[in-house]
Amino acid sequence: MTAPAAPASPDSATERFVIENCAVATVDAHDTVHPTGHVVIAGSTIEAVGAGPAPEGLAHVTRRIDGTGHLVTPGLVNTHHHFYQWITRGLATDHNLFDWLVALYPTWARIDAPMLAAATQGSLGMMVRGGVTTACDHHYVFPHDAGDLVAAELEAAAAIGARLTLARGSMDRSEKDGGLPPDFAVETTEGALLATEAAIDTHHDASFDSLVHLAAAPCSPFSVSTELLRQSAELARRKGVRMHTHGSETVEEEKFCHELFGMGPTAYLETTGWLGEDVWMAHCVHMNDADIDAFARSGTGVAHCPSSNARLAAGIARVPDMLAAGVPVGLGVDGTASNESGELHTELRNALLINRLGAHKEAALTARKALRLGTHGGARVLGRATELGSLEPGKLADLVLWKLDGLAHSSIADPVTALVFGAAAPVTLSLVGGRPVVEDGHLTRVDEDTVARAARDEARRLTRIAAGD
């Protein structure tokens, strides 16, 4: 895919925003960390990053922040989520994946546009408050007569101010076809393809500083037909958008694919056109050496969701082996019905800790590798590494200022270690394209109490409808 053209260099009259006297984790190619440094933002892009104070004599500086006691990093990038699940948290808490899906599909199949709007603001607001500046939502539930769910989600997300990749999902394999979703919860193959194409045509923005990307995203091998997978791949490549699905999440999925298709998930997905540099898959827990080699050879990306994998007892993904092979890997929250906290900054820590339970033990991941997964790794997986994921001149000014001089972190000398190994750090400031979306730990564009009430009310309404009241 052709990279979007970068914006023109800022001229001398461009307004500037200066952050200095803070530690700076650039997540550049060398993982450069400045113990004391600065970032200069000109308009929507980063103009300068370096050690020591900002250059003197900068014109049109409209805001200057003393970042003493803080660490600045690229904004976190969430590569996999299901926003609608914000209003079904805390259910089926002792189930594996397949039983969990069977328990919740009948409720999810009753969502409508107001419910999705409230869930979007709850999900995205929680993540943004915790340092996320770009998120992917994989939405695949489209009940009949639910309203324009894509438009409802995009409008709700725009109010928060973060960047969004909306992976327009689909399901056409229901219980009568041997799948897991109930018959009333799926679309027809043709209907799903037409709706996906319409969403791409209406909403996808390929510009450098785009706030909205669309992707084609059939749900999973056990909820979509082979034909939908093949035609979705053809559609995505014709339209020049990325492709996303779930893959190799559980041993039950592995068994399902062998029984239906005579091969494992990776081999099956490859036969349908679903490996490539324009593809990323969620979870990828049960991958053998041949699977990892296929992902590395094709450039297929992975959204690693450590907390959700643990919550559903799916297993430990072979992330160190994937990284060693050159597989692009980012982090994902996953839906909040399988990760109720709904925050990506906790996934930095959980990715590091859970992977150390695997074969590589203490050598599995370091703090800096975990931070890279949550920033540059995620940007690469979403196809936006040209614009996002590191603090370098010319990239978009999506960054987070973390407070590390408080009780929870002040005695940890290395700031990246403090951020990853320590408790969730407070966010003093978060910028998207140079514009604040979080100040002093709170969202700047929406009222959090209003968002919370709306989510609670829509969750209760969904419960009543699902119960037949």
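Values in this document were obtained by computation on a predicted structure and should not be read as measured data.

Participant: A description of the nonpolar core should follow, citing residues and the corresponding values.
Facilitator: Ranked by size, the top nonpolar core spans 111 residues in total, and within it Trp100, Trp108, Leu124 and Met322 carry the most contacts. In contact with Trp100, other than residues within four places in its own chain, are Gln85, Leu91, Ala92, His95, Trp108, Arg311, Leu312, Ala337 and Ser338. Counting 15 residues, the second largest nonpolar core, distinct from the first, contains Val24, Val39, Leu399 and Leu429.

Participant: Would you mind going over the pattern of salt bridges in detail, with residue names and values included?
Facilitator: Summed over the entire model, instances satisfying the criterion amount to 23 salt bridges. Note that Glu47 is salt-bridged to Arg16, the shortest N-O span being 2.8 Å. On the criterion of sequence distance, the pair formed by Glu47 in strand β3 (residues 45-51) and Arg16 in strand β1 (residues 16-25) is long-range, its members being 31 residues apart. For Glu47, a relative accessible area of 27% puts it in the partly exposed group. Among the salt bridges present, the one from Arg168 reaches Glu187, with a minimum N-O distance of 2.9 Å. In this pair, Arg168 is assigned in strand β8 (residues 163-170) and Glu187 in the loop between β8 and α4 (189-203), connecting sequence segments 19 residues apart. What emerges from the salt-bridge pattern is a single network uniting Glu197, Asp201, Arg238 and Lys239.

Participant: Can you break down helix α8 (residues 289-298) residue by residue, with the values?
Facilitator: Of all the positions in α8, only Asp291, Ile292, Ala294, Phe295 and Ser298 are classed as buried. Summarising the axial view, the buried residues of α8 lie within an arc of 160 degrees, below the 170-degree limit, and thus occupy one face. Of the exposed residues in α8, the ones pointing more than 90 degrees away from its buried face are Ala290 and Arg297. Between the side-chain oxygen of the N-cap and the backbone nitrogen of Ala290 there are 3.1 Å, and the N-cap of α8 in question is Asn288. Once α8 finishes, Gly299 follows within two positions and takes phi at roughly 80 degrees, a positive value.

Participant: Just give me the short version of the side chain of His81, but keep the residues and values in it.
Facilitator: Within the element layout of this structure, His81 appears in the loop between β6 (76-78) and α1 (97-108). Sequence-distant contacts of His81, that is, excluding residues within four places in its chain, are made with Ser123, Met127, Cys136, Asp137, His138, Val333, Asp334, Gly335 and Thr336.

Participant: Tell me about the pairing of β3, and name the residues and values.
Facilitator: Pairing analysis gives 6 bridges linking strand β2 (residues 33-42) to β3, with the strands arranged antiparallel. Paired with Val40 across the bridge in β3 is Ala48. Hairpin connection, β2 to β3: the antiparallel pair is bridged by 2 residues, and Gly43 has positive phi, about 65 degrees.

Participant: So what's going on with the packing of aromatic side chains? Residues and values would help.
Facilitator: Under the defined criterion, the tally for this structure stands at 8 aromatic pairs. On the numbers, 5.3 Å between centres and 75 degrees between planes, the contact of Trp100 with Trp108 is edge-to-face. By relative accessible area, Trp100 is classed as buried at 4%. Ring centres of Phe222 and Phe256 lie 6.2 Å apart, and the angle between their planes is 80 degrees; this geometry places the pair in the edge-to-face category. Of the two residues, Phe222 sits in the loop between β9 (212-218) and α5 (226-239) while Phe256 sits in helix α6 (residues 251-261), which places them 34 residues apart along the sequence. For the pair Phe222 and Phe256, one class covers both residues: buried. Counting every residue linked through ring pairs, the aromatic cluster contains Tyr84, Trp100, Tyr105, Trp108 and Tyr140. In this arrangement the basic side chain of Arg89 is found over the ring face of Trp86, its NZ or CZ atom lying 3.7 Å from the centre. A cation sits over an aromatic face here: Arg168 above Phe142, 3.5 Å from the ring centre.

The rules behind the values
- Within each chain, residue numbers correspond to sequence positions counted from 1 in written order.
- In keeping with the model being predicted, local features are shown solely for residues with a pLDDT of at least 70 and side-chain atom pairs are shown and tallied solely at 80 or more, while totals for entire chains, interfaces and linings include all residues.
- Values reported for side chains reflect all heavy atoms of the structure, with hydrogen atoms and water molecules removed beforehand.
- The criterion is simple. A nonpolar core is a set of buried Ala, Val, Leu, Ile, Met, Phe, Trp, Tyr and Cys residues joined through side-chain atoms within 4.5 Å.
- Burial classes follow relative accessibility: with a 1.4 Å probe on protein chains only, a residue under 20% of its type's maximum area counts as buried, one over 50% as exposed, and anything between as partly exposed.
- Residues are treated as being in contact if the distance between any of their heavy atoms lies within 4.5 Å.
- Within this document, salt bridges are pairs made up of a side-chain nitrogen of Lys or Arg and a carboxyl oxygen of Asp or Glu, the two lying within 4 Å of each other.
- Only runs of H or I of at least four residues qualify as helices and only runs of E of at least two qualify as strands under DSSP, and these elements are numbered from the N terminus.
- Of all possible arcs, the one meant is that of the directions from the helix axis to the C-beta atoms.
- Contacts described as polar in this section are N or O atom pairs within 3.5 Å, which, within protein, must combine one atom able to donate a hydrogen with one able to accept it, while residues neighboring in sequence count only if both atoms come from side chains.
- Any two strands are treated as partners once DSSP identifies two or more bridges connecting them.
- Note on ring pairs: Phe, Tyr and Trp rings are taken, using the six-membered ring of Trp, and paired if centres are within 6.5 Å. Classes follow the plane angle, with under 30 degrees stacked, over 60 edge-to-face and the rest tilted.
- Lysine and arginine charges are scored as sitting over a ring when NZ or CZ, respectively, is within 6 Å of the ring centre and within 35 degrees of the ring normal.

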